[in-house]
Amino acid sequence: MIDSLDGANASAIIYSITETAKANNLNPFRYLEHVLTVLKGHQDDREYSFIDDILPWSEKLPAICRSKTKATNI
């Protein structure tokens, strides 16, 4: 995947999201899972205000994202 320009760009985006989650004391896996789940539900939207709710500093993030534990209840 990373042997192409598109693959390298995709990897850079994922690494950036992961490191930003860590910098905000979030569980990177749970945060990324949450972001991708939310984005999937908004694929056809033309209004993007929901993005404020999934930023790593949003108070609206589920508790599982803030947890450093490996709980699986989402």
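It should be noted that the structure appears before, not after, this text.
Keep in mind that this is a model prediction, so the values were computed, not measured. (Residues numbered from 1 in each chain as written. Predicted model: local features only at pLDDT ≥ 70, side-chain atom pairs only at ≥ 80, totals over all residues. Heavy atoms only, no water.)

Caption draft 1: How the structure looks around the packing of helix α1 (residues 5–23) against helix α2 (residues 28–40). Put simply, α1 and α2 touch, their axes get as near as 9 Å, and they point 120 degrees apart. With respect to their mutual orientation, α1 and α2 come out oblique. Handedness of the crossing formed by α1 with α2: right-handed. Every residue of α2 that contacts α1 at I14, I17, T18, A21 and K22 is listed here: P28, Y31 and L32. (Axes fitted to C-alpha atoms, helices over the stretch in contact; angles between N-to-C directions. Helix = DSSP H or I, 4+ residues; strand = E, 2+ residues; numbered from the N terminus. Parallel < 35°, antiparallel > 145°, perpendicular 65-115°, else oblique. Left-handed = near helix turned anticlockwise from the far one by under 90°. Contact = heavy atoms within 4.5 Å.)

Caption draft 2: Focus on unusual backbone geometry. Even without being glycine, N25 reaches a positive phi, approximately 60 degrees. Among the structural elements, N25 can be located in the loop between α1 and α2. Under the relative-accessibility criterion, N25 is labelled exposed at 54%. (Buried < 20%, exposed > 50% of the residue type's maximum accessible area, 1.4 Å probe, protein only.)

Caption draft 3: Inspection of α2 at higher detail. The terminal C-alpha atoms of α2, which comprises 13 residues, lie 18 Å apart, in line with the 18 Å expected from a rise of 1.5 Å per residue. When α2 is considered as a whole, its buried residues turn out to be R30, Y31, L32, V35 and V38. (Expected span 1.5 Å × (residues − 1).)

Caption draft 4: Geometry of the layout of surface pockets. When its volume is computed, the largest pocket comes out at roughly 170 Å³. In terms of lining, the largest pocket is formed by I17, T20, Y31, V35, L39, I51, I54, L55, P56 and W57. Every element with two or more residues in the lining of the largest pocket is listed here: α1 and α2. Of the residues forming the lining of the largest pocket, the biggest block, three residues, is contributed by α2. For the lining of the largest pocket, the per-class residue count stands at nine nonpolar, one polar and no charged. (1 Å grid on protein atoms, 1.4 Å probe; cavity = no way out; pocket = protein on both sides within 12 Å on 5 of 7 lines; lining within 4 Å. Points joined across faces, edges and corners; volume = space filled by probe spheres on them. Nonpolar A, V, L, I, M, F, W, Y, C, P; charged D, E, K, R; others polar.)

Caption draft 5: Quick peek at α1. Helix length check: α1 (19 residues) gives 27 Å between terminal C-alpha atoms against 27 Å at 1.5 Å per residue, within 8%. Those residues of α1 lying buried are G7, S11, T18 and A21. Buried residues in α1, looked at end-on, bunch into an arc of 90 degrees, giving them a common side. Summarising the geometry of α1, the exposed residues directed more than 90 degrees from the buried face are L5, D6, I13 and A23. The inward-facing, buried residues of α1 contact α2. (Arc of directions from axis to C-beta.)

Caption draft 6: Expanded view of the pattern of salt bridges. For the structure shown, the criterion picks out three salt bridges. Two residues, E19 and K22, come together in a salt bridge whose shortest N-O distance is 3.1 Å. With E19 and K22 both in helix α1 and three residues apart, the pair spans about one turn of that helix. Residue E19 is classed as partly exposed on the basis of its relative accessible area, which comes to 45%. E33 is the partner of R30 in a salt bridge, and the nearest nitrogen-oxygen pair spans 3.1 Å. (Salt bridge = Lys/Arg side-chain N within 4 Å of Asp/Glu carboxyl O.)

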